[in-house]
Amino acid sequence: MTLRALHDRARRILDPVRYDFVAGGAGAERVLADNERAFDRYRLLPRVLRGNARRDTSVDLPGARGAGPVLVAPTAFHRLLHPDGERATARAAAAEGAVLVTGLAATVAVGEVVAAARETVADAAVWFQLSLHPRPEVTEALVRRAEQAGCTALVVTVDAPVFGRRARDLRNGFTDLPPGYAAENMRDLPGAPPGALTDIPMSPALSWRDFDALLAATALPVLVKGVLHPADALLAVAHGAAGVVVSNHGGRQCDTVPAAVDCLSAVAGAVAGRVPVLLDGGVRRGSDVAVALALGAAAVGVGRPVLWGLAADGEAGVRQVLAELRDGYDHTLALCGGGGNTDLTPDMVVRGDGPW
Ligand SMILES: Cc1cc2nc3c(=O)[nH]c(=O)nc-3n(C[C@H](O)[C@H](O)[C@H](O)COP(=O)(O)O)c2cc1C
Ligand SMILES: CC(C)CC(=O)C(=O)O
């Protein structure tokens, strides 16, 4: 099944409230729409006769090697979409060689997620996404859980100082997890939050000082997710981030920001290769992956398509999504004469409404 067909099947079989939770964005959903549309404004300028008989699309990232430059972005509550939840996602990512970013808001605890990945492939790469908690001891407890589980990097999400206002969820009354589900990584932490949606930490009082405290509390590399302004990318590097993820949270936070891919060049330019820059938001085709890499991303994350695959067909559905993106990317790389990811360069992308 194609990504479109998997989405359509997921939509048919899912409870509409759960469908809306995944599909929706903040405000009038302008950013949600623009993330995808923005990729249509870019075109590749292939190079020819480059003599690359073989292609290697593998990528070295902090604490992980990916078979290709497509990661599974951190997304909440997989058991709402399929009974196997994050276990199925983990097995699929491992089987496809994709780095999995599992998150604080997972409905399966990080230890079990990593175990499912490593039962599939012994050295499967799993990162852990977390939000900083205003109480440092809670952040530290989460970090210990991720370390003990065997995660090889942390991703700290910084674009949610407050929760985005999502019209669909408000209309549907989706304000917390249904009975029987919890954000499992939030269980039994200091202060003992039970794992409700409102236990997911968000605070506008957080600052780079809290980020520094996180770095001091772990030896793992820490990437910063949710950066759009080049000045923040520079601050992230100055504070010791191991990578920067250009992201507007899939259009679920501020509905008045640019499409994620439109922020990529400026951030990559500012970072200037000191740490890897990643991108997520609106990646739906292998050619989108190629555009992002040409604009300076080392890899991209994919959110909703993975969830549609999971809802439509569990582990097999997620595998199809990852395989389609991998094949599409490899094909585009071939059409551009490339032998590896770094053969896609900024001079090979043009932007505008055409004609080019
Ligand atoms: C249902 C859903 C849940 C998400 N949960 C989280 C989360 O818990 N933490 C986080 O940092 N990002 C979260 N995100 C954002 C994704 O990591 C990613 O930034 C976004 O989905 C990328 O856009 P895409 O869906 O267009 O690929 C979530 C996105 C969706 C759709
Ligand atoms: C539970 C939320 C914090 C997950 C999230 O970030 C999202 O829904 O976009």
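Residues numbered from 1 in each chain as written. Chains lettered and ligands numbered in written order. Predicted model: local features only at pLDDT ≥ 70, side-chain atom pairs only at ≥ 80, totals over all residues. Heavy atoms only, no water.

Per an unreviewed UniProt entry, the protein chain carries the name Alpha-hydroxy acid oxidase and comes from Streptomyces flavalbus. What the UniProt record of the protein chain gives under Cofactor (unreviewed entry) is the line "FMN". Comment text from UniProt for the protein chain, heading Sequence similarities (unreviewed entry), reads "Belongs to the FMN-dependent alpha-hydroxy acid dehydrogenase family." (UniProt positions renumbered as here; feature names shortened; annotations may be inferred.)

**Focus: the side chain of S203**
Its location among the elements puts S203 in the loop between α7 (167-172) and α8 (208-216). If we skip the residues at most four places from it in the chain, S203 touches P134, A160 and P161. (Helix = DSSP H or I, 4+ residues; strand = E, 2+ residues; numbered from the N terminus. Contact = heavy atoms within 4.5 Å.)

**Some words on the layout of surface pockets**
Its volume calculated, the second largest pocket comes out at about 440 Å³. Put simply, the parts of the chain that give the lining of the second largest pocket at least two residues each are α1 (3-13), α2 (16-23), α3 (30-40) and α12 (304-335). Ranked by residues supplied to the lining of the second largest pocket, first place goes to α12 with four residues. Looking at the lining of the second largest pocket, its residues break down into seven nonpolar, three polar and eight charged. (1 Å grid on protein atoms, 1.4 Å probe; cavity = no way out; pocket = protein on both sides within 12 Å on 5 of 7 lines; lining within 4 Å. Points joined across faces, edges and corners; volume = space filled by probe spheres on them. Nonpolar A, V, L, I, M, F, W, Y, C, P; charged D, E, K, R; others polar.)

**Things to note about the site of ligand 2**
If you check the shell around ligand 2, you find F21, A76, F77, F163, R166, I200, M202, H249 and R252 and nothing else. Taking R252, its side chain carries an N or O atom lying 2.8 Å from an oxygen atom of ligand 2. In isolation ligand 2 offers 280 Å² of accessible surface; the protein chains occlude 88% of this area. Its residues placed into classes, the shell around ligand 2 shows six nonpolar, one polar and two charged. (Near = heavy atom within 4 Å. Polar contact = N/O pair within 3.5 Å; in protein donor to acceptor, adjacent residues only side chain to side chain. Areas by Shrake-Rupley, 256 points an atom, 1.4 Å probe, with all protein chains shown as cover.)

**Description of the site of ligand 1**
Around ligand 1 lies a shell of 22 residues, among which P74, T157, D280, R284 and G303 are the nearest. Within the side chain of H249, a nitrogen or oxygen atom sits 3.4 Å from a nitrogen atom of ligand 1. Contact between ligand 1 and G282: an oxygen atom at 2.9 Å from a main-chain N or O atom of the residue. Considering ligand 1 on its own, with 600 Å² of exposed area, one finds that the protein chains cover 95% of that surface. Among the secondary structure elements, those contributing two or more residues to the shell around ligand 1 are α2 and α12.

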